[in-house]
2 protein chains.
Amino acid sequence: MSAADPSVKLSAPRKTKGALPAARPDQIMDIAARQFRARGYAAVSLRDIATEAGMRTPSLYYHFPSKDDLVIAVMNRGIAVVREAVTEALAALPPDAEPFAKLETAMRVHLRALHGLSDYTSANVRIFGQLPEELRRANLPERRAYQEIWADLLSATCPDNLEMLAIRVPFVIGALNATLEWFDPDRGDLDVLADQVGRVLLAGLKEREDR
Amino acid sequence: MSAADPSVKLSAPRKTKGALPAARPDQIMDIAARQFRARGYAAVSLRDIATEAGMRTPSLYYHFPSKDDLVIAVMNRGIAVVREAVTEALAALPPDAEPFAKLETAMRVHLRALHGLSDYTSANVRIFGQLPEELRRANLPERRAYQEIWADLLSATCPDNLEMLAIRVPFVIGALNATLEWFDPDRGDLDVLADQVGRVLLAGLKEREDR
DNA sequence: TCGCCTAACTAACGATAGATAGAATGTCAT
DNA sequence: ATGACATTCTATCTATCGTTAGTTAGGCGA
């Protein structure tokens, strides 16, 4: 394939100190995230990751104490990335932006994180349901922190109705995440997707009890 | 645990011919579906299935030629079950039912199939993304046939707009399926879920271009 | 120059997976 | 009673997994 001829030894430690061409652990995480995203959790072995990184499997253990630790690191970064992106985008809005304008922005950024911006976020969404329960639990704090952002945003759509909010938060995030399973940004326009999905969800959330 | 002490030999073939207490292959598929639903694809081994069925692993090979074949059978039944349920429910509606009444019915039945009615359907949704591509491909014909029902239903929400329809069909199905990952029918009321989800989606789909 | 740190290597282990071969068991029609 | 069939068994194989142990080689500070 493209990478990794193990007979060619990578010549020793890094010379560059200030240039930092992506630290090795980061590079390994990049590869892991891309493979998890493409092929799922169980289908990706440490051998696969090591091969693409140009090293032997046990060498990975110098950078990560176990496969679980590597996976947890990738998963947590996946949520951190999208949370920071959404937070920044919301902060860039005018302070008096309407609740539904904020919602639309958050949806667009979330979709962009899933489809192209971050292999980490898409890997997280893709493999979360495949992980043994222990690993899933390790990702829950990050997920809950991210959900709080959406709870803030969505509370404007159903004020004083916590039961409705408790359903709408995971429903909206889940509906957005589900696009990962069928939408291919290489074959369709991501902006069109965001327009269509945003329109349906925003209109649906805007609808008042009385119609 | 509850089932299967292999030292107690199950006494030979079935006597009952007309009574049919669920044919053995069906019983095995039931167990497989339940386990796949609960723990995902990779986490369920043939040993696990055999144990719960009260037999040794190789005995499974008398009924199914391989694990792949068993999985494919479970997956296909998962779609078949929900498709038949939706088809029947739609047929039971008055012939002059409005398009959005049909849509709401389909959504309710689909949610019910996911949460309780059928381990096959929930197993399908749960593990589809975990399967190697070859197995996923084997389930595509069933899935496409089921999607056609929804294409019919949803075409009323965006007449003469095939691009929009091509997005709305997988989006709606995906949004419904995603509830499997966060909604627990033991802790929440399924009817409440259907009310809330149905309201948002139906209102969103009803919204006209001009607002 | 010496010794430590970094970063990789080779070799191997134990566990578990799906799968196969062939023997054994019980039922039933003849 | 017997032979055919259906069903499950035991025993074993091969492949692959994550992981550990111990080793090697280069760069850098004292």
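All values reported here derive from a predicted model rather than from experimental measurement.

Explain the overall build of chain A to me, please; I cannot follow it from the model alone.
Broken down by element type, chain A carries nine helices and zero strands. Each helix and strand of chain A, placed in order from N terminus to C terminus, yields the pattern α-α-α-α-α-α-α-α-α. Long-range contacts, defined as pairs at least 24 residues apart, comprise 71% of the intrachain contacts of chain A with a sequence gap of at least 6. Here chain A has roughly 11200 Å² of accessible surface; of this, 53% comes from carbon and sulfur atoms.

Explanation requested: the interface of chain A and chain B in the structure shown.
Often the size quoted for an interface is simply the accessible area lost on bringing the parts together. Every contact between the two is made by 28 residues of chain A and, on the other side, 29 residues of chain B. Around 2800 Å² of area is buried between chain A and chain B when both sides are counted, 66% of it from carbon and sulfur atoms. The largest contributions to the chain A side of the interface with chain B come from A:Phe171, A:Arg199 and A:Val200, which together make up 24% of the buried area. Counting every contact that joins chain A to chain B gives zero salt bridges. Counting only elements with at least two residues in the side of chain A that touches chain B, the list comes to α8 (162-178) and α9 (190-206) of chain A. The leading source of residues in the side of chain A that touches chain B is α9(A), at ten residues. Of the residues contributing to the side of chain A that touches chain B, the split by class is 15 nonpolar, five polar and eight charged.

Explanation requested: the packing of aromatic side chains in the structure shown.
Working definition: an aromatic ring pair is given by the centre-to-centre distance plus the angle between the planes. Residues and elements named next belong to chain A. Counted according to the given criterion, the structure contains six aromatic pairs over all chains. Ring plane angle 80 degrees and centroid distance 6.2 Å describe the contact between Trp182 and Phe183, whose orientation is recorded as edge-to-face. Since its relative accessible area comes to 24%, Trp182 is described here as partly exposed. Its end group placed over the ring of Tyr41, Lys67 keeps NZ or CZ at 4.6 Å from the ring centre.

In this structure, what is going on with the protein's contact with DNA strand D? I would like to understand it.
Around DNA strand D, 18 residues are found, and the nearest of them are A:Tyr61, B:Arg24, B:Arg56, B:Ser59 and B:His63. The contact atoms of DNA strand D, taken as those within 4 Å of the protein, divide so that sugar and phosphate hold 67%. Interatomic distance of 3.5 Å between a side-chain N/O atom of A:Ser45 and a phosphate oxygen of DNA strand D. Here the surface near DNA strand D is composed, by residue class, of nine nonpolar, five polar and four charged.

Explain the relation of the copies chain A and chain B to me, please; I cannot follow it from the model alone.
There are two copies of the chain, and a rotation about an axis plus a shift along that axis relates them. Least-squares fitting of chain A to chain B yields an RMSD of 0.1 Å, with the transformation described by 0.0 Å of translation along the axis and a rotation of 179 degrees. When the rotation and shift are considered jointly, the pair of chain copies conforms to a two-fold rotation axis. Interface residue correspondence from chain A to chain B reaches 100%, placing this contact among same-surface, isologous pairings.

Help me out: how do you make sense of the nonpolar core in this one?
Grouped burial of nonpolar side chains is what soluble globular proteins tend to show. Of all hydrophobic cores here, the largest spans 70 residues; its most connected members are A:Leu103, A:Met107, A:Trp150, A:Val172, B:Met107, B:Trp150 and B:Val172. The contact partners of B:Trp150, leaving out residues within four places of it in the chain, are B:Leu103, B:Ala106, B:Met107, B:His110, B:Val169, B:Val172, B:Ile173 and B:Leu176.

What is the right way to read helix α5 (residues 99-117) of chain A from this model?
Along an α-helix, residues three or four apart share an orientation, since each turn contains 3.6 residues. All of the buried residues along α5(A) are A:Phe100, A:Leu103, A:Thr105, A:Ala106, A:Met107, A:Val109, A:His110, A:Leu111, A:Ala113, A:Leu114 and A:His115. Where α5(A) is buried, its residues meet α1 (24-39), α4 (67-91), α6 (119-127), α7 (133-155), α8 and α9 of chain A.

Where do I start with the side chain of A:Ser122 in this structure?
Among the structural elements, A:Ser122 can be located in helix α6. Leave out the neighbours within four places in its chain, and A:Ser122 touches A:Arg37, A:Leu114 and A:Leu180.

Would you mind going over the confidence of the model for chain A with me for this structure?
Summary statistics for chain A give a mean pLDDT of 88 and a share of 88% for residues scoring 70 or more. Contacts of residues 1-20 of chain A to residues separated by more than four positions or lying in other chains number ten contacts, the stretch itself having pLDDT below 50.

Is there a simple way to explain the protein's contact with DNA strand C in this structure?
Not every one of the 18 residues close to DNA strand C is listed here, only the nearest: A:Arg24, A:Arg56, A:Ser59, A:His63 and B:Tyr61. Restricting the count to atoms of DNA strand C within 4 Å of the protein gives a sugar and phosphate share of 72%. The side chain of B:Arg47 places a nitrogen or oxygen atom 3.4 Å from a base nitrogen of DNA strand C. At a separation of 2.7 Å, a phosphate oxygen of DNA strand C approaches a polar side-chain atom of B:Lys67. Counting only elements with at least two residues in the surface near DNA strand C, the list comes to α3 (60-63) of chain A together with α2 (46-53) of chain B. Considering only residue class, the surface near DNA strand C consists of nine nonpolar, four polar and five charged.

Any chance you could explain the packing of α5(A) against α9(A) here in plain terms?
Packed helices, taken two at a time, are described by the angle between their axes plus the distance between the axes. Residue and element names in this part refer to chain A. At a minimum axis distance of 10 Å, the contact between α5 and α9 shows a crossing angle of 140 degrees. The pairing of α5 with α9 is recorded here as oblique in orientation. Note on packing geometry: the crossing formed by α5 with α9 is right-handed. Where α5 approaches α9, its residues Phe100, Leu103, Glu104, Met107, Arg108, Leu111, Arg112 and His115 are matched on the opposing element by Leu190, Asp191, Leu193, Ala194, Asp195, Gly198, Leu201, Leu202, Leu205 and Lys206. Split into classes, the residues belonging to the contact of α5 with α9 amount to ten nonpolar, two polar and six charged.

Calculation criteria
- Residues numbered from 1 in each chain as written.
- Chains lettered and ligands numbered in written order.
- Predicted model: local features only at pLDDT ≥ 70, side-chain atom pairs only at ≥ 80, totals over all residues.
- Heavy atoms only, no water.
- Helix = DSSP H or I, 4+ residues; strand = E, 2+ residues; numbered from the N terminus.
- Contact = heavy atoms within 4.5 Å.
- Areas by Shrake-Rupley, 256 points an atom, 1.4 Å probe, with all protein chains shown as cover.
- Buried area = accessible area lost by both parts, 1.4 Å probe.
- Salt bridge = Lys/Arg side-chain N within 4 Å of Asp/Glu carboxyl O.
- Nonpolar A, V, L, I, M, F, W, Y, C, P; charged D, E, K, R; others polar.
- Phe/Tyr/Trp six-rings, centres within 6.5 Å; stacked < 30°, edge-to-face > 60°.
- Buried < 20%, exposed > 50% of the residue type's maximum accessible area, 1.4 Å probe, protein only.
- Lys NZ or Arg CZ within 6 Å of the ring centre and 35° of its normal.
- Near = heavy atom within 4 Å.
- Polar contact = N/O pair within 3.5 Å; in protein donor to acceptor, adjacent residues only side chain to side chain.
- Least-squares fit on C-alpha atoms with pLDDT ≥ 70 in both.
- Core = buried A, V, L, I, M, F, W, Y, C linked by side-chain atoms within 4.5 Å.
- pLDDT = per-residue confidence, 0-100.
- Axes fitted to C-alpha atoms, helices over the stretch in contact; angles between N-to-C directions.
- Parallel < 35°, antiparallel > 145°, perpendicular 65-115°, else oblique.
- Left-handed = near helix turned anticlockwise from the far one by under 90°.

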